[in-house]
Amino acid sequence: MVLPRLAPIHEWHIVISGFLQHEGRPSGMVALWRRLLRARSAPHARVELRAWNEHWSHLAELIRGTQADGAPPAIRLYGYSWGAGWGCMELARQLQRRGLRIRGMVLSDPVYRSPLAAFRWLAIAPWPVIEVPANVERVAWFRQTRSRPTGHDLRAADPRRTHIDPPVWDEASHLYMDELPAFHEAALRASRS
């Protein structure tokens, strides 16, 4: 059986929720996804809402398989908590393996997650650093220190290829960082760049 060729997708906007968040529960990330759907949905664009612990290789393969011949898609990621510190970084690594770049990430309170279960407690420690893969062009991000977990520092794997903006600090606790109007507005701005 021969499957029909899919129309190419030129834009991907992927909203990645935090720990315990999902599409069936109202959250700031669901609200952001809905705003991006209204602003960016088109036949050539996809706006996805994903959990922080998806099988990122599957999505990366879908993105690779639906790109236009010779024209890689514009990919933008928006993440919160483990969705920012784990989900966005894992998806970026999977896309990097496939030779795809990410135009931008907008993150809110990104939290480090160790791949080893014995070290998951590092999510509440202040010193872990999250490494942003070299296929990411630009990162805008928001942080807080009011409650634990707190967002962790970001470091570019290759500072010549990745620009990380200074963090925007806020007084909200971690629980509400995905609802920040400034975070949502930054995401909408990035979606148009």
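Residues numbered from 1 in each chain as written. Predicted model: local features only at pLDDT ≥ 70, side-chain atom pairs only at ≥ 80, totals over all residues. Heavy atoms only, no water.

### As for the overall build of the chain
Let me state the cut-off plainly: Strands are runs of DSSP state E lasting at least two residues, helices are runs of H or I lasting at least four, and both sets are numbered from the N terminus onward. Between the two quantities, the radius of gyration covers C-alpha atoms and the globule rule is 2.2 Å times the number of residues to the power 0.38. Summary of the burial criterion: residues with accessible area below 20% of their type's maximum are buried, those above 50% are exposed, and those between are partly exposed, where the area comes from a 1.4 Å probe applied to protein chains only. By the convention used here, residues are in contact when the closest approach between their heavy atoms is within 4.5 Å. The Shrake-Rupley method, run with a 1.4 Å probe, gives the accessible areas here. Residue values count only the displayed protein chains as cover. Within this scheme the basic residues Lys and Arg register as positive and the acidic residues Asp and Glu register as negative, but His and the chain ends are omitted. Charge placement uses NZ in Lys and CZ in Arg. For Asp and Glu, CG and CD serve respectively.
Secondary structure summary: the chain contains 4 helices and 9 strands in total. Going from N to C terminus, the chain has its helices and strands arranged as β-α-β-α-β-α-β-β-β-β-β-β-α. For a compact globule of 193 residues, the expected C-alpha radius of gyration is about 16 Å, and the chain comes in at 16 Å, within 12% of that figure. Across its three principal axes, the chain shows a C-alpha extent of roughly 55 × 35 × 30 Å. Residue burial in the chain is summarised as follows: out of 193 residues, 52% are buried. Expressed as a percentage of contacts within the chain between residues at least 6 apart in sequence, the contacts between residues at least 24 apart total 80%. For the chain, the exposed surface amounts to about 9800 Å²; the carbon and sulfur share of it is 56%. Here the chain holds 26 positive side-chain charges and 18 negative ones, and the gap between their average locations is 3 Å.

### With respect to the side chain of Thr-150
Within the secondary structure, Thr-150 sits in the loop between β6 (138–143) and β7 (153–156). The contact partners of Thr-150, leaving out residues within four places of it in the chain, are Asp-109, Pro-110, Val-111, Gln-144 and Thr-145.

### Considerations on the nonpolar core
Going by this rule: Residues enter a nonpolar core if they are buried and are Ala, Val, Leu, Ile, Met, Phe, Trp, Tyr or Cys, with the set joined through side-chain atoms within 4.5 Å.
Residues Leu-91, Met-105, Leu-107 and Val-139 are the most contacted members of the largest nonpolar core, which totals 33 residues. Those elements that place two or more of their residues in this core are β1 (11–16), α2 (56–65), β3 (74–80), α3 (82–97), β4 (104–108), β5 (129–132), β6 and β7. With 8 residues, α3 is the single largest residue contributor to this core. Contacts of Leu-107, omitting those with residues within four sequence positions, involve Gly-79, Ala-84, Cys-88, Met-89, Val-139, Ala-140, Trp-141, Phe-142, Leu-154 and Phe-183. If you look at the next biggest cluster of nonpolar residues, it comprises 19 residues, including Val-15, Leu-32, Leu-36 and Ala-186.

### Focus: the pairing of β7
This is how the line gets drawn: For two strands to pair, DSSP has to find at least two bridges joining them.
Side chains of β7 alternate between two faces, with Leu-154 and Ala-156 buried and Asp-153 and Arg-155 left unburied. With 4 bridges joining them, β5 and β7 adopt parallel strand pairing. Residue pairing across strands places Val-132 opposite Ala-156, the latter belonging to β7.

### Looking at a nonpolar patch on the surface
For clarity, the threshold we go by: Two joining distances apply to patches: 9 Å for like charges and 5 Å for nonpolar side chains (Val, Leu, Ile, Met, Phe, Trp, Tyr), and every residue must have over 30% relative accessible area and no salt bridge. Any Lys or Arg side-chain nitrogen located within 4 Å of an Asp or Glu carboxyl oxygen qualifies as a salt bridge.
Taken together, Leu-116, Phe-119, Trp-121 and Trp-127 make up a surface patch of nonpolar side chains, about 480 Å² in accessible area. Structurally, the position occupied by Trp-127 is in the loop between β4 and β5.

### Points about the pattern of salt bridges
All chains considered together, the criterion is met by 14 salt bridges. Residue Arg-46 pairs with Glu-48 through a salt bridge whose shortest N-O separation is 2.3 Å. The partly exposed category is assigned to Arg-46, whose relative accessible area is 33%. For Glu-48, a relative accessible area of 10% corresponds to the buried category. Two residues, Glu-131 and Arg-155, come together in a salt bridge whose shortest N-O distance is 3.7 Å. On the criterion of sequence distance, the pair formed by Glu-131 in strand β5 and Arg-155 in strand β7 is long-range, its members being 24 residues apart. Glu-131 sits in the partly exposed class, given a relative accessible area of 37%. One network of salt bridges, in which partners are shared, links Arg-46, Glu-48, Arg-50 and Glu-54.

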